[in-house]
Amino acid sequence: MKIDGARVDYIANLAQLAVTEEERRELIGQMNSILDYVEQLNRLDTSGIEPTTQVVHTTEQNYSWRADQPRSGFSQEQSLGNGPATGSGHFKVPKVISEK
Amino acid sequence: MDLNSLTARKIRGLIERGEASAVEICRAFQDRIREQDPEVQAFLHYDNDFALEQAERIDRMKHAGEPLPELAGLPMAIKDNLLIRGLRCTCGSRILENFVAPYNATVIDRLASAGAVFLGKANLDEYAMGSSTENSAFQPTRNPHSRDHVPGGSSGGSAAAVGAHMAVAALGTDTGGSIRQPASFCGVVGMKPTYSRVSRYGLVAFGSSLDQIGPLAHGVEDIAGILKVISGKDPLDATSLAVDVPDYAGGLGQPIEGLRIGIPREYRQSGVSETVRTRIEAGLKLFQDLGCDLIEVDLPHTDYAIATYYVIAMAEASSNLARYDGVRYGLRIPGQGDLSDMYRESRDAGFGAEVKRRIMLGTFVLSSGYYDAYYLKAQQVRTLIKRDFEAAFQKVDLLVSPTSPTPPFRLGEKTNDPLSMYLSDIFTITANLVGIPGISLPCGRTPEGMPVGIQLLGKHFGEPVVLKAAHAFEQAGGFAP
């Protein structure tokens, strides 16, 4: 079994997710069954095979070059418009340095 | 006015000849939505005044004697992961429930210039993660042909809106089949263009190496017309390419005699239900009658496609969704503690179970010690799958398969078994892994009256051939609107 309770907690911490006791139990089962399925990839010998990271079908004619010129972006008002807590032109957040 | 038979060309004609105004057409569809949508639940939200303003603009152009743009007055549903300035964009998620788009997606700007009218935002699986639209945080959408069945997903709202004639066309997004599979389930046409054909600026990202925007409609002609409008280079999306945009609709209607159609041998073994198999065999016969050559081809790595796809899609999703942290937009749960507590509690309250599962798995396969075994491995197998298709396309012009191995399933049938839901994507995901275009179009019904879809896949930027063959098929098979 690749995924146990401790591994779920470790991954949840990396992903900044809170996980309840019930979710932990469910995730152990589901993550293991999905990863077991994924294991079949190990039947293939991929030594020396280049990884494919993207599939943009470029030729010399269609590379995505553009002139490096400044252009205007969103105003401060627009950028802050969806902020859950803002003030003085900034996003507000809770204390970053904890006392713990 | 018979709303069920309207197409983009007919609507433009009605307005041009003064037989109907854009406002009248828009109102007719708004009435239809009021009648039908309480049951189908295809729309998450709509703004009737906003839609009417767009229709009025078309009517003013008509009165002023200006030439009408190509999609004038076309009533469309837009999947709710595409931004329309001033409207909410929820992605079917609690975390974006109150997010108001500050700008238009490029596809929205282009459709608006072409005269389209946006009726409302269509339901989806949360962040487009799912194959049934049951993962929406707000409501499940129902299949317009049977309320007990799912419309497919993740663009289930877009497909159901078109299938129920609450919109003439729609935009969806396709990361692993999310346009084609719901199109098949709802008895409409849906197309995923070549990766980089359509700008994704203003699409909320899920799997960046896989995502593509595309149209859903009742006939291939409307698909061609919409695709032409939304295609082409966009300086705001570096993955969009400066490849000429042909007049897709202009190429329809030509004979397809001599076209080489590949039937992947492996697809015959992949758990296709008897009813689907019967319809697809009849479809292949139709292509033969149209003078096409049917050729068996091999795609030997087909069995590995789902595992490859889910590793890559989950890894990309976990990175893309890291931005939802309650700071700049979206739900914030302040929590009792520090910044990290706020991140966790906001994400915990905002994301649904499937999204969390994929973030967890994606984070795992990218984590130290596992990256090579899972993520790198999947990217290498992706290369092998790509080579399979390159080899097949040496011998054939198109590949044909079912869109989905089964007809629409029932609501609740697969919700407790994520893996069985993933397995239903077997025929669609390879097009995303390889970056090629694919279309699903109606291919008859099951004995119970549920739609079955047939899928055509083409080469990179092979949309003209895909569309030409699809058009000939729907005309000859009596599936045209």
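Everything here concerns the structure above.
About the thresholds
Residues numbered from 1 in each chain as written. Chains lettered and ligands numbered in written order. Predicted model: local features only at pLDDT ≥ 70, side-chain atom pairs only at ≥ 80, totals over all residues. Heavy atoms only, no water. Helix = DSSP H or I, 4+ residues; strand = E, 2+ residues; numbered from the N terminus. Rg over C-alpha atoms; globule rule 2.2 N^0.38 Å. Buried < 20%, exposed > 50% of the residue type's maximum accessible area, 1.4 Å probe, protein only. Contact = heavy atoms within 4.5 Å. Areas by Shrake-Rupley, 256 points an atom, 1.4 Å probe, with all protein chains shown as cover. Lys, Arg positive; Asp, Glu negative; His and termini not counted. Charge placed at Lys NZ, Arg CZ, Asp CG, Glu CD. Buried area = accessible area lost by both parts, 1.4 Å probe. Salt bridge = Lys/Arg side-chain N within 4 Å of Asp/Glu carboxyl O. Nonpolar A, V, L, I, M, F, W, Y, C, P; charged D, E, K, R; others polar. Pairing = 2+ DSSP bridges. Axes fitted to C-alpha atoms, helices over the stretch in contact; angles between N-to-C directions. Patch = residues over 30% accessible without salt bridge, like charges linked within 9 Å, V, L, I, M, F, W, Y side chains within 5 Å.

> Is there a simple way to explain the overall build of chain B in this structure?
Looking only at helices and strands, one finds 15 helices and 11 strands in chain B. The C-alpha atoms of chain B give 21 Å as radius of gyration, which agrees with the globular expectation for 481 residues (23 Å, within 12%). Judged by the C-alpha coordinates and their principal axes, chain B covers about 65 × 55 × 45 Å. Within chain B, the fraction of its 481 residues that count as buried is 67%. In chain B, the share of contacts with a sequence separation of at least 24, taken over all contacts with a separation of at least 6, comes to 76%. Accessible surface, chain B: about 15,200 Å² in total, of which carbon and sulfur atoms supply 47%. Averaged over its 48 positive side-chain charges, chain B has a centre that lies 2 Å from the centre of its 56 negative ones.

> Looking at this model, I keep getting lost on the interface of chain B and chain A. Mind explaining?
The parts lose accessible area when they come together, and the size of an interface is often stated as this lost area. Listed as interface residues are 75 residues of chain B and, on the opposing side, 54 residues of chain A. Summed over both sides, the interface of chain B with chain A buries roughly 5,700 Å², with 65% coming from carbon and sulfur. The largest per-residue losses of area from chain B upon contact with chain A belong to Tyr 304, Arg 344 and Met 360 of chain B, which jointly make up 12% of the total buried on that side. Of the charged contacts, one joins Lys 356 of chain B and Glu 23 of chain A as a salt bridge, the two residues approaching to 3.0 Å between their closest N and O atoms. Put simply, the parts of the chain that give the side of chain B that touches chain A at least two residues each are α9 (305–320), α10 (339–350), α11 (353–366), α12 (371–395), α13 (418–423) and α14 (429–434) of chain B. The element contributing the most residues to the side of chain B that touches chain A is α12 of chain B, with 13 residues. Tallied by class, residues from the side of chain B that touches chain A come to 41 nonpolar, 19 polar and 15 charged.

> Even after reading the chapter, I still don't get the sheet that holds strand β10 (residues 438–445) of chain B, so can you show me in this structure?
Backbone hydrogen bonds are what pair the strands of a sheet, in a parallel or an antiparallel way. Residues and elements named next belong to chain B. Across the sheet, 11 strands lie side by side as β1-β3-β2-β4-β6-β5-β10-β11-β9-β7-β8; this open sheet has mixed pairing. Looking at which strands have only one partner, the edges of the open sheet turn out to be β1 (43–45) and β8 (293–297). Looking at each pair of strands side by side, their axes are set apart by 35 degrees on average, direction ignored. Here β1 runs beside strand β3 (residues 117–122); their pairing, made up of two bridges, is antiparallel. Across the sheet, His 45 pairs through a bridge with Lys 121, a residue of β3. Running over the sheet, helix α7 (residues 220–230) touches β2 (75–79), β4 (169–174), β5 (189–192), β6 (212–217) and β10 and is turned about 145 degrees from β6. Sitting on the sheet, helix α15 (residues 463–477) touches β5, β9 (398–402), β10 and β11 (451–457), and the angle it makes with β10 is about 10 degrees.

> Explain the pattern of salt bridges to me, please; I cannot follow it from the model alone.
Residues and elements named next belong to chain B. Under the criterion given, the structure shown has 23 salt bridges over all chains. For the salt bridge of Lys 121 with Asp 80, the shortest nitrogen-to-oxygen distance reads 2.8 Å. Of this pair, Lys 121 sits in strand β3 while Asp 80 sits in the loop between β2 and α4 (106–113), placing them 41 residues apart in sequence. With a relative accessible area of 0%, Asp 80 lands in the buried category. Salt-bridge contacts for Arg 265 lead to Glu 296; the nearest nitrogen and oxygen are separated by 2.8 Å. Here Arg 265, found in the loop between β7 (260–264) and α8 (274–289), pairs with Glu 296, found in strand β8; they are 31 residues apart in sequence, far enough to count as distant. Its relative accessible area of 36% is what places Arg 265 among the partly exposed residues.

> What exactly am I supposed to notice about the pairing of β6 of chain B here?
Walk down a regular strand and you will see the side chains alternate between the two sheet faces. Residues and elements named next belong to chain B. Burial within β6 is extensive, with six of its six residues counted as buried. Residue alternation in β6 divides its side chains into two sets, Gln 212, Gly 214 and Leu 216 and Ile 213, Pro 215 and Ala 217, and both sets are buried. With six bridges connecting them, β4 and β6 associate as antiparallel partners. Bridge pairing links Gly 172 to Gly 214 in β6.

> I tried to follow a nonpolar patch on the surface on my own but got confused; where do I start?
There is a patch of nonpolar side chains on the surface, built from Val 93, Val 96 and Ile 97 of chain A and spanning about 300 Å² of accessible area. Considering the arrangement of structural elements, one finds Val 93 of chain A in the segment after β2 (90–91).

> Got a minute to help me understand the side chain of Thr 302 of chain B in this structure?
All names here are of chain B. Following the sequence through the fold, Thr 302 ends up in the loop between β8 and α9. You can call Thr 302 buried: its relative accessible area is 3%. When near neighbours in sequence (up to four residues on either side) are disregarded, Thr 302 contacts Glu 266, Tyr 267, Asp 388 and Ile 426.

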